[in-house]
Amino acid sequence: MGQERHWRYCQKCSSIFKNARPGFKGACTVGGEHSAHGFDFTLDYDLGPAVDIFLGGNYEKGWRECGKCHGLYQGAASRGICPAGDGHQEPMGLNYQLWTFNAGGADKQSGWKRCSKCESLFFDDPNSRCKAGGGHQAATGRDYTLNYPLQPHLTVAYLNQGFTVTGKEYTPEGPVQYRASWDDRYHFPKEHHREIVDVVTDIDGAFSAWIDPDRPWQMAFVEAFDQWTGHSASGKANSF
Ligand SMILES: [Zn+2]
Ligand SMILES: [Zn+2]
Ligand SMILES: [Zn+2]
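Described in the following lines is the structure provided in the data block. Owing to the predicted nature of the structure, the values given are computational and were not obtained by experimental measurement.

About the thresholds
Residues numbered from 1 in each chain as written. Chains lettered and ligands numbered in written order. Predicted model: local features only at pLDDT ≥ 70, side-chain atom pairs only at ≥ 80, totals over all residues. Heavy atoms only, no water. Donors = N, O, S within 2.8 Å, 3.2 Å for Na, K, Ca; no water. Tetrahedral: all angles 85-135°; square planar, octahedral: opposite > 155°, others 65-115°. Helix = DSSP H or I, 4+ residues; strand = E, 2+ residues; numbered from the N terminus. Buried < 20%, exposed > 50% of the residue type's maximum accessible area, 1.4 Å probe, protein only. Salt bridge = Lys/Arg side-chain N within 4 Å of Asp/Glu carboxyl O.

With respect to the coordination of the zinc ion (ligand 1)
Here comes step 1: Cys10 (SG), Cys13 (SG), Cys28 (SG) and His34 (ND1) make up the full set of protein donors to the zinc ion (ligand 1), lying at 2.1 to 2.4 Å.
Here comes step 2: Its four donor atoms give the zinc ion (ligand 1) angles of 104 to 116 degrees at the centre, a pattern that matches the tetrahedral case.
Here comes step 3: For the zinc ion (ligand 1), all donor residues lie on one chain, and their spacing in sequence is C-x2-C-x14-C-x5-H. Highlighted residues: Cys13 in the loop between strand 1 (2–10) and strand 2 (16–18) and His34 in the loop between strand 2 and strand 3 (36–47), separated in sequence by 21 residues.
Here comes step 4: Overall, the relative accessible area of 5% leaves His34 in the buried class.

Some remarks on the pattern of salt bridges
Here comes step 1: Tallied over the full model, the rule gives nine salt bridges.
Here comes step 2: Linking Glu169 and Arg5 is a salt bridge whose minimum nitrogen-to-oxygen distance equals 3.2 Å. Taken together, the positions of Glu169 in the loop between strand 11 (162–168) and strand 12 (175–184) and Arg5 in strand 1 put the pair 164 residues apart, joining distant regions of the chain.
Here comes step 3: A relative accessible area of 23% places Arg5 in the partly exposed class.
Here comes step 4: Taking the shortest distance from any N to any O, the salt bridge between Lys25 and Glu173 comes out at 3.0 Å.

Brief notes about the coordination of the zinc ion (ligand 2)
Here comes step 1: Summarising the metal site, the zinc ion (ligand 2) is bound by the protein donors Cys66 (SG), Cys69 (SG), Cys82 (SG) and His88 (ND1), whose distances to it range over 2.1 to 2.4 Å.
Here comes step 2: When the donor residues of the zinc ion (ligand 2) are listed from N- to C-terminus, their spacing reads C-x2-C-x12-C-x5-H. Residue Cys66 is located in the loop between strand 4 (59–65) and strand 5 (72–74), and its partner Cys82 is located in the loop between strand 5 and strand 6 (94–99); the two are separated by 16 residues in the primary sequence.
Here comes step 3: Using a relative accessible area of 0% as the deciding quantity, one classes Cys82 as buried.

Read these as layout, nothing more, since geometry by itself doesn't imply function.
The following block contains the structure:
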């Protein structure tokens, strides 16, 4: 069994989709490509052909990625209706498993459903839009729970009389706010500086920034917050 990141909620149609580079995000019912918003989910999968729906235990197998809309669909009974037209396409080769049980704890989101009209996995909110018309419609009472276990880390380093800040494992294409502070040790009493900056991570969940204090001989402390998960990471560096 493996795990795969980069599964996201589409803010246009409320379906899940695999968030790849622009041009490969998959067709959205509302038009154009899906648009990522919120958490970056990690899904479990098995290799080999997808088996039919498994009703025992706390999870359900048989979910496939559609090669046209890059959403997830439950293909046991039907290929459903794809936002790109006709049914969802042949499986991409992985058999995804979804949790049907929320054991509690942090970094999980329930409220995901299978649509009885198009077979797609979607988040059940008023925003949802189905290719079959209207909003998606929850098929059963079955409620799926998705995990977003990503934990960020941050590196701060002194370089050329400034500080480089490098963040990794943040939500991809997501908002991050970093707060940097440093003391100016040339002055007495010493001056305290503070800077708050909003950045957006790249497709891999990384960002880099440059802090350029107006004098050397300082120490910088930086904490960067993932605005979707609320997780933060910090780092510091000395210039001496
Ligand atoms: Zn969409
Ligand atoms: Zn599809
Ligand atoms: Zn639907």
